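In case you want the letters, here they are:
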Amino acid sequence: MLLDLAGETVRLLAERAVLWRRTVLVADVHLGKSDTFRHFGLPVPDGDLDTDLARLSRLVLDTGAERVLVLGDLVHSANGLNPDVVDRVASWRSALDAELELVPGNHDRFDPPASWRVRQRPDGHVEGPFRFVHQPHTRAGVYTWCGHVHPAAVVGRGRHALRFACFWLGAEQGMLPAFGTFTGGLAVRPAPGDRVVAVTSEGLIALPGMR
Amino acid sequence: MHTPVGLREPVPDRIRRFFTARGWTPSGFQEEAWEAWNRGESGLIHVPTGSGKTYAATLAAMLEIADHGGQMIYITPLKAMARSIAEALADAASGMGLKLSVESRTGDTASHIRARQKRKPPDILLTTPESLSMLMSEPDAPTRLGNVRALILDEWHELLDSKRGTQCELAAARLRAFSDRPPGRRMQTWALSATLSNVAEAAQAAVGTAGQPTLVHANVPRPVELETLLPTDVSRLPWSGHLGLALLPELGAWLDPARSTLIFVNTRAQAELWFQALLAKNPDWEPQMGIHHGSVDASERTRVEAGLADGTVTIVVATASLDLGVDLAPVERVVQIGSPKGIGRLMQRAGRSGHRPGATSRVLCVPTHALQLVEIAAVREALARREVEARTPLNAPLDVLAQHLVTCALGGGWTQDEMLAEVRRAWSYRGLTTQAFDAALGLVTEGGRSLRAYPQFRKVVPDAGVYRVPDPDVARLHRGSIGTIVSDVTVSVRWHTGSWGGGTLGQIDEGFISGIPPGGPFHFAGRNLELVSLREQVALVRPGKPRRGITPHWPGNKLPISGSLGAAVRRALDQGGGAAAEWLAVAPLLAEQARMSHVPAATELLVEDCVSAEGSHLFVFPFEGRSVHEGLGALLALRMCRQRPLTLSIAVNDYGMELLSPEPLAWDELLTPTIWSEDGLLDDILASVNATELARRRFRDVARVAGFVNLGPVHKRNTGRQIQASSSLLFDVFLRYDVENPLLTQARREVLEVHFDERRLRSTLTRINTCQIVRRTTEGATPLSMPLIADRLQGDRASSQTDAQRLRRAMEPEAPRLPPGSPGSTPRGRRAARSRR
């Protein structure tokens, strides 16, 4: 789905990502989340890490992007970063044909392992007409991309309510859905004029006139 | 009853002296029970509440323990009962001149007392199923519990058909195994039960598969008289709703603070609401009023119980938390607000009045909506027929077994073959396959198939053939989560005095309290409160002004009416128009039902449809109770969705179900005979389980009981948000990455057994297929369908459309509206329906 924002053309992707020029934007990957659960003795099955890494590789391949820019929460927590996880991500990284950059999120309270070759960008990093942050925070005169909220759109009332992860695009700020497989969502209440695009099993669907 | 000395072994001397000193005479069933004990037998004492069954089960055993040593363990379902029974038994011990120590041990027992009990176990221990399992998890359990001579299971009917009952069966099997070891004397088990219909099965479950239970019945008549509170103007009773304050003025006028009265309601929210409403009408009753439900702090509950006993508290609004308790002072009058749900349950509640052998119990039923009058008339008729429900033990739940395996591995360890044999001696596990046992074993030894690679999930590890728990962290976590009662995350409510909080008022659902802003008013524990602050797991409150507050809603299962009551309602509707006052009152409503649609006879199945702004509604009324309707609704929806792309939402209540399609639908094209067919039932049931939210909801409880998703307070404190995930998200992760996990299987099986009980569903379909289907298209909601429209809370959905198709359709313009004035045309249909009358 192509959109014009701040004089730039961006493409929203059903893989819960945004393609801008040669950059793939994603937010809230939460690598190692199930490992964090297991670290605390909660027997959650493994599988989300490999799934999410493969989805990222696929995105880079399909778009020909040269860079993946993560808007925070690349890693779920330090407790989930056991040596095995670090190694699996490192070997994925070495096969990834793109730069990997991170605007740190509230979960990224430490530097990612060196073997992952992640270039850190400051929160509020500006490039062209865009500004990149983790938590929603606008600044006049520049369009901000953010994550953190894991936005979900709820359509319909009561029993007929349907729930979708979504992009939420306001006049000054665009919010990405969480990329990670093992993530929940928070229902959002868009303002009039906001654009909400739902991620469904059959691609993106723009929701008109959401209240 | 006096038996001449010398003719046969009379009442043991010491018991007789104790009884004589109190001016009592032993009942026949008590003598029978004592004799059975002396013959070394085990079994079930089946007598109405308040007939003296506690002494029947214990006195002969106490004599033996005093003379020859040994221990008695007495299980009660409620902590509060443990205390009062301890007093009664201590009294009997001194009355018989026995030197026996009697103590209780529950979750509330202080740690220094527990430590003392550990050093010197009391002769008689009163405890709950959970606390007994805690004792079994102590490393020296085999020696400490190896000398148990008597196991008493009180209020067995309350435990029998729940996971707590299953837990008791497993614990009993283990105690029996301990007592069989040399030089052991075999343990005797006696269960005590009030009215239930499957007495033989209940007895067998108590003594295990290896035992031959003796049944002791008492022929103590306990007549129940049922009255109904009727409004002066029946049209004031709404067509639907379960809180039902409509009869508040009448009940207020009927109540008399000079006469002790228990007012039973069905939910905690309803208790808060009625308490506030009664108080607002009669502010001067405040000192004499009390509220009693499971979320109110224990000290407050104790105050209410003590007040009832000494007469300072006379009007108590209570939930099932006061259903039990032998020593609770009898009250003069009992009120039941809303559906009685079951015949045995109403008898038990009624039994709170005139709590004496042979006395007549009286109960006043207060309907919350008009159709409940039919239900009340049906109960009255069932009581006359002495018809009660069965309580069926569960069938080998894997999660309870997994928990038990860890508990026993902590408590001295076990070997595989012995454990399997021991577990199979518990009635609920008599058919446990080796395969199912291995699945439970796999859960606790390697965390399930997908986690085999992770050593931290090897909770239980074999050491030279003996399974034990080597990791102290695992042990600590497990002890912290023993039990099968799954509750939601709660926050304790405390008075705000100084900065650290004062006394505790009770526990409240976190989801509810976090929706209240600081300064916001709400009702809790019968008080008007104002939230000061919410931090960590504590909500600080101060007294609020008497104004409208919000009443908390506690999530939880709604109790379905029993199958027996459902059948009684069908009969009542069929025969109709009895002489009972309820019939006169409900006649106009049934006339309206007949005018708009039809009143089904027992041989008919009523199927209505109507159109509203919400879409196309189909109503089916089998009167089989909520859980059967959940299964049947999902089954019908699945079969309809097979015929064409459709999205249907399903709502159920105790009377019937509603299928709702957002788009116009010609129901008769879908209502083919195959919809009701018994062919392919099992396959369709399995498909329905996967298609609905039911398995997802069950999964959470199953996983917690098995100790898998342990999101208890221990984790919460230490790790905060790192491991927060909704159970539904976890369910998805398991489904995606470990589809064969035994817990998923167990969750599906429970859905199959509880909601899709194949036998009951099949018998329902069989009955429907012999029924004549009466089809009616109505103009809006009828008296029967109105409660379904108004009460729909959580619905399930069955769809043969993808999420994208459903989203596109949801975005289309709304369906054409009904002509103005028809009842279904307002969002909830209620206003219009009221104005019709």
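Everything below is about the structure printed above this text.
Residues numbered from 1 in each chain as written. Chains lettered and ligands numbered in written order. Predicted model: local features only at pLDDT ≥ 70, side-chain atom pairs only at ≥ 80, totals over all residues. Heavy atoms only, no water.

1. Brief notes about helix α23 (residues 626–643) of chain B
Next, step 1: Here α23(B) spans 26 Å end to end across 18 residues, near enough to the 26 Å set by a 1.5 Å rise per residue.
Next, step 2: Counting buried residues along α23(B), 16 of its 18 residues qualify, which places the element largely inside the surrounding structure. (Helix = DSSP H or I, 4+ residues; strand = E, 2+ residues; numbered from the N terminus. Expected span 1.5 Å × (residues − 1). Buried < 20%, exposed > 50% of the residue type's maximum accessible area, 1.4 Å probe, protein only.)

2. Notes on the pattern of salt bridges
Next, step 1: The final tally for this structure, using the stated rule, is 43 salt bridges over all chains.
Next, step 2: Notably, a salt bridge pairs B:Glu130 with B:Arg164, separated by 2.9 Å at the nearest N-O pair. You can see B:Glu130 sitting in helix α6 (residues 129–136) and its partner B:Arg164 sitting in helix α9 (residues 163–180), a full 34 residues away along the chain.
Next, step 3: Take B:Glu130: its relative accessible area is 14%, and that puts it in the buried class.
Next, step 4: One salt bridge connects B:Arg642 with B:Asp684, and the closest N-O pair in it is separated by 2.9 Å. Pair noted here: B:Arg642 is in helix α23 and B:Asp684 is in helix α25 (residues 681–691), with a separation of 42 residues, a long-range link.
Next, step 5: Given the relative accessible area of 51%, B:Arg642 is considered exposed.
Next, step 6: For B:Asp684, a relative accessible area of 9% gives the class buried.
Next, step 7: Through salt bridges with shared partners, a single network forms among A:Asp35, A:Arg38, A:Asp46, A:Asp50, A:Asp84 and A:Arg88. (Salt bridge = Lys/Arg side-chain N within 4 Å of Asp/Glu carboxyl O.)

3. Some remarks on the packing of helix α15 (residues 372–384) of chain B against helix α21 (residues 563–575) of chain B
Residues and elements named next belong to chain B.
Next, step 1: At a closest axis distance of 8 Å, the pairing of α15 and α21 adopts a crossing angle of 105°. Looking at the two axes, α15 sits roughly perpendicular to α21. Counted together, Val-374, Glu-375, Ala-378, Val-379, Glu-381 and Ala-382 of α15 and Leu-565, Ala-568, Val-569, Arg-571, Ala-572, Leu-573 and Gln-575 of α21 form the full contact between these two elements.
Next, step 2: Partitioned by chemical class, the residues of the contact of α15 with α21 number nine nonpolar, one polar and three charged. (Axes fitted to C-alpha atoms, helices over the stretch in contact; angles between N-to-C directions. Parallel < 35°, antiparallel > 145°, perpendicular 65-115°, else oblique. Contact = heavy atoms within 4.5 Å. Nonpolar A, V, L, I, M, F, W, Y, C, P; charged D, E, K, R; others polar.)

4. A few points about the pairing of strand β7 (residues 214–217) of chain B
Residue and element names in this part refer to chain B.
Next, step 1: Alternating residues of β7 divide into Thr-214 and Val-216, all buried, and Leu-215 and His-217, none buried.
Next, step 2: In this sheet, β7 lies alongside strand β1 (residues 43–46) in parallel orientation, the contact comprising four bridges. Across the sheet, residue Ile-45 finds its bridge partner in β7, namely Val-216. (Pairing = 2+ DSSP bridges.)

5. Some details on the sheet that holds strand β14 (residues 414–415) of chain B
Residues and elements named next belong to chain B.
Next, step 1: The strand order across the open sheet formed by three strands is β14-β16-β15, and the pairing between neighbours is antiparallel. Two strands lie at the open edges of the sheet, namely β14 and β15 (461–463), each paired on one side alone.
Next, step 2: Bridge count for β15 against strand β16 (residues 466–468) is three bridges, and the pairing is antiparallel. Pairing of Asp-463 across the sheet is with Val-466, part of β16.

6. Looking at the packing of aromatic side chains
Next, step 1: Under the definition given, this model contains 16 aromatic pairs over all chains.
Next, step 2: Centroid distance B:Phe18 to B:Trp24: 5.8 Å. Interplanar angle 80°. Geometry classified as edge-to-face.
Next, step 3: Site record: aromatic cluster; members linked through ring pairs are A:Trp20, A:Phe130, A:Phe132, A:Tyr143 and A:Trp145.
Next, step 4: Sitting over the face of the ring of A:Phe179, A:Arg55 holds its NZ or CZ atom 4.0 Å from the ring centroid.
Next, step 5: A cation over a ring is seen here: B:Arg333 above B:Trp254, with NZ or CZ 3.7 Å from the ring centre. (Phe/Tyr/Trp six-rings, centres within 6.5 Å; stacked < 30°, edge-to-face > 60°. Lys NZ or Arg CZ within 6 Å of the ring centre and 35° of its normal.)

7. Description of the sheet that holds β1(B)
Residue and element names in this part refer to chain B.
Next, step 1: Pairing within the open sheet is parallel, and its seven strands lie in the order β3-β4-β2-β5-β6-β1-β7. Each edge of the sheet is formed by a strand with only one pairing partner; in this case those strands are β3 (102–105) and β7. Across this sheet, the average inter-strand angle for adjacent strands is 20°, counted without regard to direction.
Next, step 2: In terms of strand pairing, strand β2 (residues 71–75) meets strand β5 (residues 148–153) through five bridges, oriented parallel. The partner of Ile-73 across the bridge, within β5, is Leu-151.
Next, step 3: The strands touched by helix α5 (residues 111–119) within the sheet are β3 and β4 (124–127), with β3 carrying the most contacts at an inclination of about 125°.
Next, step 4: Docked against the sheet, helix α10 (residues 199–207) engages β1, β5, β6 (188–193) and β7, running at close to 135° with respect to β1.

8. Points about the packing of helix α2 (residues 28–38) of chain B against helix α3 (residues 53–68) of chain B
All names here are of chain B.
Next, step 1: At a minimum axis distance of 8 Å, the contact between α2 and α3 shows a crossing angle of 35°. As α2 runs across α3, the sense of the crossing is right-handed. Touching Phe-29, Gln-30, Ala-33, Trp-34, Trp-37 and Asn-38 of α2 are Lys-53, Tyr-55, Ala-56, Leu-59, Ala-60, Ala-61 and Glu-64, all from α3.
Next, step 2: By residue class, the composition of the contact of α2 with α3 is nine nonpolar, two polar and two charged. (Left-handed = near helix turned anticlockwise from the far one by under 90°.)

9. Some words on the side chain of A:Glu101
Residues and elements named next belong to chain A.
Next, step 1: Secondary-structure assignment places Glu-101 in strand β6 (residues 99–102).
Next, step 2: A distance of 2.8 Å separates polar atoms of two side chains, one belonging to Glu-101 and the other to Arg-67.
Next, step 3: In this structure Glu-101 touches Arg-67, Val-68, Leu-69, Val-70, Val-118, Arg-119 and Arg-121, once residues within four positions along its chain are discounted. (Polar contact = N/O pair within 3.5 Å; in protein donor to acceptor, adjacent residues only side chain to side chain.)

10. Side note on helix α14 (residues 343–350) of chain B
Next, step 1: Among the eight residues that make up α14(B), seven are buried, leaving the element largely enclosed by the rest of the structure.
Next, step 2: Every buried residue belonging to α14(B) is among B:Ile343, B:Gly344, B:Arg345, B:Leu346, B:Gln348, B:Arg349 and B:Ala350, and all of these are buried.

11. Details of the state of the cysteines
Residue and element names in this part refer to chain B.
Next, step 1: Per the counting criterion, the structure on display carries zero disulfides over all chains.
Next, step 2: Cys-168 forms no disulfide, and the closest cysteine sulfur to it belongs to Cys-408, at a distance of 13 Å.
Next, step 3: Summary of cysteine pairing: Cys-610 is not part of a disulfide, and the nearest cysteine sulfur, belonging to Cys-641, is at 19 Å.
Next, step 4: A relative accessible area of 2% means that Cys-610 is categorised as buried. (Disulfide = S-S within 2.5 Å.)

Worth remembering: the numbers are spatial, not functional.
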